Amino acid sequence: MNSEFVQKWQSQVKKGTLAFILLNILKDNEFYGYELIEQVRKYTTIEIAEGTLYPLMNRLKKEGLVTSKWVEQESGIPRKYYQLTNVGISTLAEMRTYWDGLETAIQKLTK
Amino acid sequence: MKQIAFENKSAQKIYDSYFRRIRRTISVLSEADKQDVLMEFNSHIYEGLQNIEGDDEVDKLLKITQGLGDPEVVLKPLVAEKKLKQATTTFNPKHIFQAIFLNLKSGIKYSIFAILYLCLFSFGVLMIFKIINPENTGLFIKNGSFVALGTLKTTDTEVMEVLGDMFIPIMLLSALLLYILLTLGLKMTRKK
């Protein structure tokens, strides 16, 4: 096995799917940054670097897929919650359709 | 922003120094954007300290800041992007130059904008030249075709300066128009 090739391929797949994963996590709930990273870890084997999450969230915000709001906490240190916008919801649905198509194709291929 | 207080002095030093680096990196941003970035980093560090197991504040803090990465590197794209947004909404030349400089590495289009803005700057220089050296500065034409816009010394009697006293007002107006067009252009490339 060419493990170097597999590793590179894995990192490309992760990079390409991270936005899709994050949008799916935000589908039913709003989360703050730290929680988002924990959710990614909970559902996937992706060890997401904190340093990549925040720029990515910023990009999703710029694209109009998510919004954020600051929520005061008892500790005095507020949390920034992210949630999907309507554009985000419909964008995610479109991504889902593509993903399902890809999944079916790959299942057929790998039988 | 409420800062996190540490019992351990070393941890406090690491925290303070990390925030100094963030502040330095984002110094060109608007106050609102600065606050947003600082608060988000602060929140992340705070939540991390509550959630990571262990007692040693230094260990926990280092683990968190290492995860976040170097502010100078991590925040670079964000700073460039926010600055560009600010520049194209305020039309403030200072912000525009900072924005273009910060975005230079992210594409050839910003280099082109940089050159165009420099041309614009030269319009201003020409207006000053016109005051210092009115005879040889202006729009020069020879037999109806363009020769030069700028400062020209020539013995050719057919070369005529055509704008005269109108040179400065016309240059000022063109510069203003060009500035608005360029900035709108910059705004449009950002939206893509």
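Residues numbered from 1 in each chain as written. Chains lettered and ligands numbered in written order. Predicted model: local features only at pLDDT ≥ 70, side-chain atom pairs only at ≥ 80, totals over all residues.

### A short note on the overall build of chain B
Alright, step 1. Each helix and strand in chain B was counted, giving 8 helices and 3 strands.
Alright, step 2. From first element to last, N terminus to C terminus, chain B shows the α and β order α-α-α-α-α-α-α-β-β-β-α.
Alright, step 3. Here the C-alpha atoms of chain B give a radius of gyration of 26 Å, more than 25% beyond the 16 Å that 2.2 N^0.38 yields for 192 residues.
Alright, step 4. C-alpha atoms of chain B, sized along the principal axes, occupy 85 × 35 × 25 Å.
Alright, step 5. The buried share among the 192 residues of chain B stands at 23%.
Alright, step 6. Counting only contacts in chain B whose residues sit at least 6 apart along the sequence, the fraction spanning at least 24 positions is 52%. (Helix = DSSP H or I, 4+ residues; strand = E, 2+ residues; numbered from the N terminus. Rg over C-alpha atoms; globule rule 2.2 N^0.38 Å. Buried ≥ 20, exposed ≤ 12 C-beta atoms within 10 Å, placed from the backbone. Contact = placed C-beta atoms within 7 Å.)

### A word on the interface of chain B and chain A
Alright, step 1. Residue-level contacts link 17 residues of chain B with 17 residues of chain A.
Alright, step 2. The residue makeup of the side of chain B that touches chain A, split by class, is 7 nonpolar, 6 polar and 4 charged. (Nonpolar A, V, L, I, M, F, W, Y, C, P; charged D, E, K, R; others polar.)

### Structural notes on the sheet that holds strand β3 (residues 159–161) of chain B
Residue and element names in this part refer to chain B.
Alright, step 1. Pairing is antiparallel in the open sheet, where 3 strands are placed in the order β2-β1-β3. One side of each edge strand has no neighbouring strand; the edge strands of this open sheet are β2 (145–151) and β3. When the angles between neighbouring strand axes are averaged without regard to direction, this sheet yields 30°.
Alright, step 2. Of the strands in this sheet, β1 (137–142) and β2 touch helix α7 (residues 108–132), which is tilted by about 90° from β1. (Pairing = 2+ DSSP bridges. Axes fitted to C-alpha atoms, helices over the stretch in contact; angles between N-to-C directions.)

### So, helix α1 (residues 3–25) of chain A
Alright, step 1. Roughly 45° is the biggest bend found in α1 of chain A, and it falls at T17 of chain A.
Alright, step 2. For α1 of chain A, a buried count of 2 out of 23 residues is recorded, marking the element as mostly open to its surroundings. (Bend = angle between axes of the 7 residues up to and from the residue.)

### Looking at the domain arrangement of chain B
Alright, step 1. By the assigned domains, chain B splits into domain 1 (9–74) and domain 2 (89–191).
Alright, step 2. Each of domain 1 of chain B and domain 2 of chain B was reduced to a C-alpha centroid, and the two centroids are 44 Å apart. (Domains from an automatic or database assignment.)

### Let's talk about the sheet that holds strand β2 (residues 66–71) of chain A
All names here are of chain A.
Alright, step 1. The antiparallel open sheet is built from 3 strands, whose spatial order is β1-β3-β2. Both outer strands of the open sheet, β1 (31–32) and β2, are each paired with one neighbouring strand and no more.
Alright, step 2. In this structure, β1 lies alongside strand β3 (residues 79–84), joined through 2 bridges in antiparallel fashion. Bridge pairing in β3 links F31 to Y82.

### A closer look at the packing of helix α2 (residues 31–51) of chain B against helix α3 (residues 57–68) of chain B
Residues and elements named next belong to chain B.
Alright, step 1. At a closest axis distance of 9 Å, the pairing of α2 and α3 adopts a crossing angle of 135°. The pairing of α2 with α3 is recorded here as oblique in orientation. Taken as a pair, α2 and α3 cross one another with a handedness that is right-handed. Counted together, F41, H44, I45, G48 and L49 of α2 and K60, L61, I64 and L68 of α3 form the full contact between these two elements.
Alright, step 2. Looking at the contact of α2 with α3 residue by residue, the classes come out as 6 nonpolar, 2 polar and 1 charged. (Parallel < 35°, antiparallel > 145°, perpendicular 65-115°, else oblique. Left-handed = near helix turned anticlockwise from the far one by under 90°.)

### Some remarks on the nonpolar core
General note: in soluble globular proteins, nonpolar side chains tend to be found buried as a group.
Residue and element names in this part refer to chain B.
Alright, step 1. Core analysis: the largest hydrophobic core is formed by 25 residues, its most contacted members being I26, L75, V79, A99 and I100.
Alright, step 2. Mapped by element, the contributors of at least two residues to this core are α1 (9–25), α2, α3, α5 (76–90), α6 (93–103) and α7.
Alright, step 3. Counting residues per element, this core draws most heavily on α5, at 5 residues.
Alright, step 4. When residues of this core are assigned to domains, at least three map to each of domain 1 (9–74) and domain 2 (89–191).
Alright, step 5. When near neighbours in sequence (up to four residues on either side) are disregarded, V79 contacts T25, I26, V28, L29 and L102. (Core = buried A, V, L, I, M, F, W, Y, C linked by C-beta atoms within 7 Å.)

### Re unusual backbone geometry
All names here are of chain B.
Alright, step 1. Even without a glycine there, the phi angle at F91 is positive, about 60°.
Alright, step 2. The topology assignment puts F91 in the loop between α5 and α6.
Alright, step 3. Assessed through the 13 C-beta atoms surrounding it within 10 Å, F91 is described here as partly exposed.
Alright, step 4. Look at N143: it is not a glycine, yet its phi comes out positive at around 50°.
Alright, step 5. Within the secondary structure layout, N143 lies in the loop between β1 and β2.
Alright, step 6. On the basis of neighbour count, N143 is assigned to the exposed category, with 8 C-beta atoms found within 10 Å.

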